[in-house]
Amino acid sequence: MTFDNSIVQLNGIAAGDWFTSSGLEYFFWDYTAPGTDTIHFTGALLHEGQVANGVIGVCSFTALAEGISPVDFVDVDVDWVDVGRW
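Source: prediction; values computed, not measured.

Q: So what exactly am I meant to see when it comes to the overall build of the protein chain here?
A: When you go through the protein chain residue by residue, the secondary structure sums to 1 helix and 4 strands. Counting helices and strands in the order they occur from the N terminus, the protein chain gives β-α-β-β-β. Counting only residues that meet the buried cut, the protein chain has 20% of its 86 residues in that class. Carbon and sulfur atoms make up 54% of the accessible area of the protein chain, which amounts to about 6,500 Å² in all.

Q: For this particular structure, what's the right way to read the nonpolar core?
A: In globular proteins that are soluble, nonpolar side chains generally tend to be buried together. Counting residues in hydrophobic clusters, the biggest one holds 11 residues: Met 1, Phe 3, Ile 7, Val 8, Leu 10, Ile 13, Trp 18, Phe 19, Phe 28, Ile 39 and Leu 45. Only strand 1 (8-15) and helix 1 (17-20) provide two or more residues apiece to this core. For this core, the element with the highest residue contribution is strand 1, accounting for 3 residues. Not counting residues up to four positions away in its chain, the partners in contact with Leu 10 are Phe 3, Thr 32, Ile 39, Cys 59, Ser 60 and Phe 61.

Q: Can you walk me through the packing of aromatic side chains in this structure?
A: Working definition: an aromatic ring pair is given by the centre-to-centre distance plus the angle between the planes. Here the structure, examined in full by the defined rule, presents 5 aromatic pairs. Pairing Trp 18 with Phe 19 gives two aromatic rings, centres 5.1 Å apart and planes at 90 degrees, and the pair type is edge-to-face. The rings of Trp 18, Phe 19, Tyr 26, Phe 28 and Phe 41 are connected pair by pair, giving a single aromatic cluster.

Q: In this structure, what is going on with the side chain of Ser 69? I would like to understand it.
A: Mapped onto the secondary structure, Ser 69 falls in the segment after strand 4 (57-63). Owing to a relative accessible area of 19%, Ser 69 belongs among the buried residues under this scheme. Setting aside residues up to four positions removed in sequence, Ser 69 forms contacts with Phe 3, Asp 4, Ile 7 and Val 8.

Q: Explanation requested: a nonpolar patch on the surface in the structure shown.
A: There is a patch of nonpolar side chains on the surface, built from Phe 27, Trp 29, Tyr 31 and Leu 46 and spanning about 430 Å² of accessible area. Looking at the secondary structure, you find Tyr 31 in the loop between strand 2 (26-30) and strand 3 (41-45). Owing to a relative accessible area of 45%, Tyr 31 belongs among the partly exposed residues under this scheme.

Q: Quick question: what am I supposed to make of the side chain of Thr 32 here?
A: One can find Thr 32 in the loop between strand 2 and strand 3. Overall, Thr 32 belongs to the buried group, its relative accessible area being 17%. One polar contact links Thr 32 to Asp 30, side chain to side chain, over a distance of 2.7 Å. Polar contacts involving the side chain of Thr 32 include one to the main-chain amide nitrogen of His 40, which spans 3.0 Å. Those residues in contact with Thr 32, other than ones at most four positions away along the chain, are Leu 10, Thr 38, Ile 39 and His 40.

Cut-offs used in this document
Residues numbered from 1 in each chain as written. Predicted model: local features only at pLDDT ≥ 70, side-chain atom pairs only at ≥ 80, totals over all residues. Heavy atoms only, no water. Helix = DSSP H or I, 4+ residues; strand = E, 2+ residues; numbered from the N terminus. Buried < 20%, exposed > 50% of the residue type's maximum accessible area, 1.4 Å probe, protein only. Areas by Shrake-Rupley, 256 points an atom, 1.4 Å probe, with all protein chains shown as cover. Core = buried A, V, L, I, M, F, W, Y, C linked by side-chain atoms within 4.5 Å. Contact = heavy atoms within 4.5 Å. Phe/Tyr/Trp six-rings, centres within 6.5 Å; stacked < 30°, edge-to-face > 60°. Patch = residues over 30% accessible without salt bridge, like charges linked within 9 Å, V, L, I, M, F, W, Y side chains within 5 Å. Salt bridge = Lys/Arg side-chain N within 4 Å of Asp/Glu carboxyl O. Polar contact = N/O pair within 3.5 Å; in protein donor to acceptor, adjacent residues only side chain to side chain.

Bear in mind that shape data such as this cannot, by itself, settle questions of function.
What follows is the structure, encoded as structure tokens:
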């Protein structure tokens, strides 16, 4: 996702309820570089899948200046890997 970092500053991104309310183990990693205008994150549910709808991530911003900053999805990779059960 991209945004105008002269208008808003990203404070962080946290796992949304798709992860946190699933009842499953998960990892969620925000690897966004400070001061950037692009958000990068990854996450996965461990051991099982999830078919429910929900929020994947929650971004927190601080306004730096008056203006409009669209938040655009520029690249979305969603991979499903079923590793089976041993």
